[in-house]
Amino acid sequence: MKTYCFALDLHDDPGLIEEYKRYHQKEHIWPEVLDSVLHHGVLSEEIYLAGNRLFMILHTTDEFSLNAKSAADRASAVMQKWEELMWKYQKPLPGAKPGQKWVPMEKIFEVGSSGSQ
């Protein structure tokens, strides 16, 4: 299993943040988005919020490819519509590349049975 962590900011507007959270409740998220998330080797996805900063954790199969997942999302009209809608709430992190939304995070520490000693 592979683990990926990403960060992204939301616009610092309490009303928009609440709307964004509502879109990510199980009863409001689009079924096609859930299907897209859980295909292409993604085992689980979690999103956490601290202030207006989001952290996303993906657990994937060993065969998972970020490039293949990104290509599939770009080819999906529904995923493009979802991404366009989400951009109303999201803004790039300082230092993000042009057009980059979720920025990969660098793992700097791990301890436990799966971590290095």
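Going by the structure above, here's the rest.
Keep in mind that this is a model prediction, so the values were computed, not measured. (Residues numbered from 1 in each chain as written. Predicted model: local features only at pLDDT ≥ 70, side-chain atom pairs only at ≥ 80, totals over all residues. Heavy atoms only, no water.)

Novice: Quick one: what's the story with the overall build of the chain, residue by residue and with numbers?
Specialist: A tally of regular secondary structure across the chain gives four helices and five strands. In sequence order, the secondary structure elements of the chain are arranged as β-α-α-β-β-α-α-β-β. The C-alpha radius of gyration computed for the chain amounts to 15 Å, which stays within 12% of the reference 13 Å derived for 117 residues, consistent with globular compactness. Each principal axis of the C-alpha distribution contributes one length, and for the chain these read about 45 × 30 × 30 Å. (Helix = DSSP H or I, 4+ residues; strand = E, 2+ residues; numbered from the N terminus. Rg over C-alpha atoms; globule rule 2.2 N^0.38 Å.)

Novice: Tell me about the pattern of salt bridges, and name the residues and values.
Specialist: One pass over the structure, following the stated rule, counts six salt bridges. Ionic pairing is found between lysine 101 and glutamate 83, a salt bridge with its closest N-O pair at 2.7 Å. On the criterion of sequence distance, the pair formed by lysine 101 in the loop between strand S4 (90-91) and strand S5 (103-104) and glutamate 83 in helix H4 (residues 77-86) is long-range, its members being 18 residues apart. What makes glutamate 83 partly exposed here is its relative accessible area of 26%. (Salt bridge = Lys/Arg side-chain N within 4 Å of Asp/Glu carboxyl O. Buried < 20%, exposed > 50% of the residue type's maximum accessible area, 1.4 Å probe, protein only.)

Novice: Lay out the side chain of lysine 69 in plain terms, naming residues and giving numbers.
Specialist: In this structure, lysine 69 sits in helix H3 (residues 66-75). Once residues within four sequence positions are removed from consideration, lysine 69 is found in contact with Ser36, Val37, His39, His40, Val42 and Phe64. (Contact = heavy atoms within 4.5 Å.)

Novice: Report on helix H1 (residues 14-23), specifying residues and quantitative values.
Specialist: Residues of H1 that are buried include every one of Leu16, Ile17 and Tyr20, and no others. Seen end-on, H1 carries its buried residues on one side only, within an arc spanning 100°. Buried-residue contacts for H1 involve strand S1 (2-10), strand S2 (42-50), strand S3 (53-60), H4 and S4. Two or three places before glycine 15, at the opening of H1, aspartate 13 has a side-chain oxygen 2.9 Å from that residue's backbone nitrogen. (Arc of directions from axis to C-beta. Polar contact = N/O pair within 3.5 Å; in protein donor to acceptor, adjacent residues only side chain to side chain.)

Novice: Lay out the nonpolar core with the relevant residues and their values.
Specialist: Core analysis: the biggest nonpolar cluster contains 20 residues, and Tyr20 and Trp102 have the highest contact counts within it. At the level of elements, S1, H1, helix H2 (31-37), S3 and H4 are the ones that each hand at least two residues to this core. Setting aside anything within four residues of it in sequence, one finds tyrosine 20 in contact with Leu10, Leu54, Met86, Tyr89, Gln90 and Trp102. (Core = buried A, V, L, I, M, F, W, Y, C linked by side-chain atoms within 4.5 Å.)

Novice: Could you give an account of the packing of aromatic side chains, with specific residues and numbers?
Specialist: Per the stated rule, a full pass over the model turns up six aromatic pairs. Pairing tyrosine 23 with tryptophan 82 gives two aromatic rings, centres 6.0 Å apart and planes at 85°, and the pair type is edge-to-face. With tyrosine 23 in helix H1 and tryptophan 82 in helix H4, this pair connects stretches of sequence that are 59 residues apart. For tyrosine 23, a relative accessible area of 25% gives the class partly exposed. Relative accessible area serves as the criterion here: at 4%, tryptophan 82 is assigned to the buried category. Joined through ring pairs, the aromatic side chains of Tyr20, Tyr23, Trp30, Trp82 and Tyr89 make up one cluster. (Phe/Tyr/Trp six-rings, centres within 6.5 Å; stacked < 30°, edge-to-face > 60°.)

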